[in-house]
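Report on the structure
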Amino acid sequence: MKYSKATNYALHTMLYLIAIAPERPVGVQQLADKQGVSPTYLSKILTKLVKAGLIESASGANGGYRVKGNKEDISFLDIIHAVEGTTSLFECCGSEDPRCVIQQVMLSAEDAMEQHLKNTKLIDLMK
């Protein structure tokens, strides 16, 4: 199982916005430079985070991105879902039977992982 690089950049960007710049907007160039990634690529990730309601953007000379809402509520799972979507990691190839024992085990493991990611808040990394 592997998450995309976009998720990695999104998690690091969100942590930076929470830790370093909670009040003032940060420009995409500064965020991209911090992670050594193209501003164009990071802009696509930031758009997903805006659509998910995790950050907001402000245009103009002092524009940029900042956390939207209560930063204490943002979980790893919120960010992962914003970038990766909410589809299951496992798709049973044998049958569509909900009684498939392999599917039951895999979905149970996925549920446990999602619960852990939901309960882990980004703000916890700053303590």
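Residues numbered from 1 in each chain as written. Predicted model: local features only at pLDDT ≥ 70, side-chain atom pairs only at ≥ 80, totals over all residues. Heavy atoms only, no water.

Here we take up the pattern of salt bridges. One side chain can pair with another of opposite charge once the charged atoms of both are near each other. Applying the stated criterion across every chain, the model contains one salt bridge. For the salt bridge of Arg66 with Glu56, the shortest nitrogen-to-oxygen distance reads 2.9 Å. Taken as a pair, Arg66 in strand β2 (residues 64-67) and Glu56 in strand β1 (residues 55-58) lie far apart in primary sequence, 10 residues in all. Residue classification places Arg66 among the partly exposed residues on the basis of a relative accessible area of 27%. (Salt bridge = Lys/Arg side-chain N within 4 Å of Asp/Glu carboxyl O. Helix = DSSP H or I, 4+ residues; strand = E, 2+ residues; numbered from the N terminus. Buried < 20%, exposed > 50% of the residue type's maximum accessible area, 1.4 Å probe, protein only.)

This part is about the nonpolar core. In this structure, Met14, Leu31, Leu42, Ile45, Leu49 and Ile79 are the most contacted members of the largest nonpolar core, which totals 30 residues. For this core, the secondary-structure elements that each account for two or more residues are α1 (5-19), α2 (28-35), α3 (39-51), β2 and α4 (76-84). Excluding residues that lie within four positions of it along the chain, Ile45 makes contacts with Ala6, Tyr9, Ala10 and Val83. (Core = buried A, V, L, I, M, F, W, Y, C linked by side-chain atoms within 4.5 Å. Contact = heavy atoms within 4.5 Å.)

Our focus in this paragraph is the packing of α1 against α4. Interaxial distance between α1 and α4 falls to 9 Å at its minimum, and their mutual angle equals 135 degrees. One element, α1, and the other, α4, form an angle in the oblique class. Seen from above, α1 lies across α4 with right-handed handedness. Contacts from Ala6, Thr7, Ala10, Leu11 and Met14 of α1 reach α4 at Phe76, Ile79, Ile80, Val83 and Glu84. For the contact of α1 with α4, a count of residues per class yields eight nonpolar, one polar and one charged. (Axes fitted to C-alpha atoms, helices over the stretch in contact; angles between N-to-C directions. Parallel < 35°, antiparallel > 145°, perpendicular 65-115°, else oblique. Left-handed = near helix turned anticlockwise from the far one by under 90°. Nonpolar A, V, L, I, M, F, W, Y, C, P; charged D, E, K, R; others polar.)

Turning our eyes to something else, we now look at the packing of aromatic side chains. Two numbers describe a pair of aromatic rings. These are the distance of the centres and the angle of the planes. Evaluated as defined, the whole model comprises one aromatic pair. Ring geometry for Tyr9 and Tyr41: centres 5.8 Å apart, planes at 85 degrees, overall edge-to-face. With Tyr9 in helix α1 and Tyr41 in helix α3, this residue pair connects regions lying 32 residues apart in the sequence. Look at Tyr41 and you get partly exposed, because its relative accessible area is 33%. (Phe/Tyr/Trp six-rings, centres within 6.5 Å; stacked < 30°, edge-to-face > 60°.)

The quantities given are spatial measurements derived from coordinates; they are silent on function.
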